[in-house]
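Single-letter residue listing:
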Amino acid sequence: QVRLVESGGGLVQPGGSLRLSCAASGSIFSIGSMGWYRQAPGKRRELVATILSGGSTNYADSVKGRFTISRDNAKNTVYLQMNSLKPEDTAVYYCNADYLITGRAHTYNGWGQGTQVTVSS
């Protein structure tokens, strides 16, 4: 079994910053793409940012220039630095990863349980 555990969410004022972390643990052989998605009340889950194992990144237009995704491959951890936060960034943020399990040839995809980010004055 592989678990993805997010941390770092909370309440922040507009213009503030938060840093989310997501650590993967379990029988992991390797991790490919890692990413962050978010879901606001009444809306569909949407892509925020992704990062490949080699470091290539992709961002939603709505967060470009404000959010930065990074990863520590040695720790199987992905981060999301969120700056200049806006009320419309309020959502549950989910970590996602593609990974190989030791002894298996199949690529799996997993989700974390989510962490709430609320931007409000």
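Quick note: structure is the one above.
Draft legend 1. Layout of the sheet that holds strand β3 (residues 18-26). The four strands lie next to each other as β1-β3-β8-β7, forming an open sheet whose pairing is antiparallel. A strand with exactly one partner marks an edge of an open sheet, and here the two such strands are β1 (2-7) and β7 (67-72). Neighbouring strand axes in the sheet, compared pairwise and without regard to direction, differ in orientation by 15 degrees on average. Bridge count between β1 and β3: six bridges; the pairing is antiparallel. For Ser7, the partnering residue across the bridge sits in β3 and is Ser21.

Draft legend 2. Here's a closer look at the packing of aromatic side chains. The full count for this structure, using the stated rule, is two aromatic pairs. Each ring, one from Tyr37 and one from Trp111, has its centre 5.1 Å from the other, and the planes form 65 degrees; the classification is edge-to-face. Of this pair, Tyr37 sits in strand β4 (residues 28-39) while Trp111 is found in strand β10 (residues 107-111), placing the two residues 74 residues apart along the sequence. Looking at Trp111, the relative accessible area reads 39%, which means it is partly exposed. With a centroid separation of 6.0 Å and an interplanar angle of 15 degrees, the aromatic rings of Tyr99 and Tyr108 are classed as stacked. You can call Tyr99 buried: its relative accessible area is 10%. Tyr108 sits in the partly exposed class, given a relative accessible area of 23%. Just above the ring of Tyr79 sits the side chain of Arg19; from NZ or CZ to the centre is 4.1 Å. Sitting over the ring of Trp111, Arg45 keeps its end group 4.6 Å from the ring centre.

Parameters at a glance
Residues numbered from 1 in each chain as written. Predicted model: local features only at pLDDT ≥ 70, side-chain atom pairs only at ≥ 80, totals over all residues. Heavy atoms only, no water. Pairing = 2+ DSSP bridges. Helix = DSSP H or I, 4+ residues; strand = E, 2+ residues; numbered from the N terminus. Axes fitted to C-alpha atoms, helices over the stretch in contact; angles between N-to-C directions. Phe/Tyr/Trp six-rings, centres within 6.5 Å; stacked < 30°, edge-to-face > 60°. Buried < 20%, exposed > 50% of the residue type's maximum accessible area, 1.4 Å probe, protein only. Lys NZ or Arg CZ within 6 Å of the ring centre and 35° of its normal.

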